[in-house]
Structures are given as C-alpha cells and as structure tokens.
Amino acid sequence: MQFVELRSDTLTRPTEEMRQIIARAEVGDDVYGEDPSINQLEKLAAEIMGKEAALFVPSGTMANQIAAMVHTSPGDEIITEVTSHIFLYEAGGLARLAGVQTHVLKGERGMFSPDELEGAIRGENIHFPRTTLVAFENTHNRAGGRVFSPEELAPHLEICKRAGIATHLDGARIFNAAVALELTPDIIAQDFDSLSFCLSKGLGAPVGSLLCGSAEFIREARRTRKILGGGMRQAGILASAGLFALDGAEERLARDHQLARVLGGAIEKMENFRLEFPVESNIIVSRYLGDKPIQEIVALLKEKGLLVNPFGPASIRLVTHQDVTQDEVFRAAEIMGSI
Ligand SMILES: *Cc1c(COP(=O)(O)O)cnc(C)c1O
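Conventions and cut-offs
- Residues numbered from 1 in each chain as written.
- Predicted model: local features only at pLDDT ≥ 70, side-chain atom pairs only at ≥ 80, totals over all residues.
- Heavy atoms only, no water.
- Buried < 20%, exposed > 50% of the residue type's maximum accessible area, 1.4 Å probe, protein only.
- Helix = DSSP H or I, 4+ residues; strand = E, 2+ residues; numbered from the N terminus.
- Pairing = 2+ DSSP bridges.
- Right-handed = clockwise from strand over helix to strand, strands pointing away.
- Domains from an automatic or database assignment.
- Contact = heavy atoms within 4.5 Å.
- Buried area = accessible area lost by both parts, 1.4 Å probe.
- Salt bridge = Lys/Arg side-chain N within 4 Å of Asp/Glu carboxyl O.
- Near = heavy atom within 4 Å.
- Polar contact = N/O pair within 3.5 Å; in protein donor to acceptor, adjacent residues only side chain to side chain.
- Nonpolar A, V, L, I, M, F, W, Y, C, P; charged D, E, K, R; others polar.
- Axes fitted to C-alpha atoms, helices over the stretch in contact; angles between N-to-C directions.

> Account for the pairing of strand β6 (residues 166-170), with residues named and values stated.
Of all the five residues making up β6, five are buried; the element is thus mostly covered by neighbouring parts of the structure. By the alternation rule, side chains of β6 split into A166, H168 and D170 and T167 and L169, which are all buried. Here strand β5 (residues 131-137) runs beside β6; their pairing, made up of five bridges, is parallel. Considered in β6, the bridge of E137 is made with D170. Taken together, β5, helix α7 (residues 150-163) and β6 constitute a β-α-β crossover, and its handedness is right-handed. Pairing analysis gives three bridges linking β6 to strand β7 (residues 194-198), with the strands arranged parallel.

Following this line, the structure appears as structure tokens:
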C-alpha cells in the first residue's frame, strides 16, 4: 500500500538532485579542520544565525547535549519546560553527560511565565545547586509546533541575562519558526548564547545539525564533540546535503505550513477528532474524542493508509514535510474523517 507518511518530518528522503550533490561533494578530514564542505556549512550557519561560529554535529540531540556540557559544570541545575525535547526525549543525557539536575517548569502551551522562571532560579546559598543554564525550544514540538516570537521570549531572556545565566535555544525547527513569523532566523536567535538546529527535519537532509554561538563557545564545543565521539572525517559528504537543504528552505517550509493549515482546517470539522493546539507551523496535534485506545486508532489509520504517531494518551501527531503532496493531505483528512 502507498502510505501517506505524516509521522514526522524526519522521514524525508534525499531527492535525486541532493544525491547528485552528495556524490560530487568536496571533502577532507574534518577532525583536522580540512573538509571544505564542512567549513563552508559551518560558516554559512553562523552567518544565517548571526553568531560568531558554528559546529556540525551528527544530530540535534548531540548539539543540545554539547551545549549543556559547555554551559554548565556537573552538579549545576538547568531549567527547562517540562515537555521540552531536551528533558523528555534525550535519554536522560543531561544527567548522564552534563551531570546536571534538571528543574522543570510546567508551561502553558510549552512556555512558563517570566515570574515562574524568576522564582525557579536558585539564589546564593551553600545548600543550593547553581542555576547555570535555561533551555528553550522554538518551534515547540510537544506544544504542537508552537512558534514563539522574539517579543514573547524577551522577558525570559532579560531575567537570565540579569542573573548571569546562559541561555540555549533548541531550534531544531527554527526555520519553521522564522517562516511562520516572517522573520530571518538571526532575529529569533539573537538574544540566546547558543542555539542548535536540525538539517534532517523539514530541511530534508539525511543527517546533521549545527550548534551555533560565540567563537569561544564553539571552540569548547568542538572539544566536547570529540569526547562524545562526534568528530567525523570526510563529513563533507553530509555537509554538501546540508548546504543544498538550506538553499530555498523558506519556500519549501512555507508550503509545508500551508498543507498543515489545510489539514488542520479539515480536522476542525471532524466529529471524532479535534485540534489540541492551533496550527502554527508544520506540526498538528489532534485529540481523538472516541472511546478506543489511541494505539488502536493509530493501527486503524495505518490499515487505511495513513501513518501518524501516537502523542500522549488520546492524541496523534501529524507532520507535513516536503515528501507529502496536497493530494495526500486531502487523503489523510478523508481517512481521519472516516473513523
Ligand atoms: C528532533 C528534535 C531534536 C533532536 O534531533 P535528533 O537529530 O533527532 O537528535 C531536538 N529538539 C527538537 C525540538 C526536535 O524536534
């Protein structure tokens, strides 16, 4: 059966054109700093994000974990929202790799208030861990691809700055945020000390993420990447796909968002499903209103040709991406409407 694949934007496959680019990539040994494609990609990423430097890493998880390791010392505390990727989906890396404890704040649609943040920061006291990092996420996956504007986050970042606490942005989908806000990514990134973004989600590359920040931060991050075994050799093979993926990304993501709005509009009219969050980017979280267990609904949708991920006890997540056509989105709506 030909499935409509809406489980994730990580399922995009390299296009024929991208494969041609990969085949011709100029390469060298990146651990020696001699891979021209990697160097070009890191330079471009830093420019796009308005930071001094950038580092290519295999995954978004490694980018976030390196950021935590560089910004903190073991025994410190990091603050993040309770449904953030860095807390929920990185296999306990903060505790295991950075050796920090995580202070999670319950957010409203993915974000806690400035007052809650202020109250969570530890004061000077021999009994307390030191708060040394606050990690944010934009767009916010668990909050249904929610987009935060720079204005919304400004009070939070101001508090961190005043307290001398580093800030990291998990910008796995920062280009989706940029497209939704009609801003360039550097505007979204500008008040964060570091940020990560993924090439392998909506941008459509097979592998890779970038970590961006000050030159000093990236020097230390490069060393930390080596500790984690993330120093790669002729990685220009991967960087060439990333460079290709960045070219014209905004137009492709705008199309993904438009398709998500179409599907969201259809879900609003259904009897058995409703939208859990407004559709702001390429992620849709939809609550099933019937009485069957959600695993059964996911299996039923699959039988009818639609692949989605379960998302909590009664919801599914649907993600649009470059390998989904408008017709497939209509078919997805039809299938959901039929159960
Ligand atoms: C996918 C994702 C990551 C991690 O990326 P991987 O490349 O899968 O390790 C981090 N944060 C968010 C919000 C993500 O969606």
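Having seen it, we continue.
> Give me the lowdown on the domain arrangement of the protein, citing residues and values where you can.
Each assigned domain of the protein is listed here: domain 1 (4-11 + 249-337) and domain 2 (16-246). Distance between the C-alpha centres of domain 1 and domain 2: 27 Å. The interface of domain 1 with domain 2 comprises 19 residues on the first partner and 22 residues on the second. When domain 1 packs against domain 2, close to 1,900 Å² is buried across both sides, 51% of that on carbon and sulfur atoms. When residues of domain 1 are sorted by the area they lose upon contact with domain 2, L253, F277 and E280 head the list and together hold 28% of the total. There are two salt bridges connecting domain 1 and domain 2.

> Help me get a handle on the site of the ligand, residues and values and all.
For the ligand, the full set of nearby residues is S59, G60, T61, N64, H85, E90, E137, D170, A172, R173, C198 and K201. Contact between the ligand and D170: a nitrogen atom at 2.6 Å from a side-chain N or O atom of the residue. Looking at the shell around the ligand, the element that brings in the most residues is helix α3 (residues 60-71), giving three residues. For the shell around the ligand, the residue count by class is two nonpolar, five polar and five charged.

> Break down the sheet that holds β6 for me, citing the residues and quoting the values.
The seven strands lie next to each other as β2-β8-β7-β6-β5-β3-β4, forming an open sheet whose pairing is mixed. Strand pairing shows two members of the sheet lacking a second neighbour, β2 (53-57) and β4 (101-105), which therefore form its edges. Pairwise comparison of adjacent strand axes, ignoring direction, gives a mean angle of 20° for this sheet. Taken together, the five bridges between β2 and strand β8 (residues 209-213) define a ladder with antiparallel strand orientation. Counted as the bridge partner of A54 is C212 from β8. Seen against the sheet, α3 touches β2, β5, β6, β7 and β8 and runs at an angle of roughly 25° to β8.

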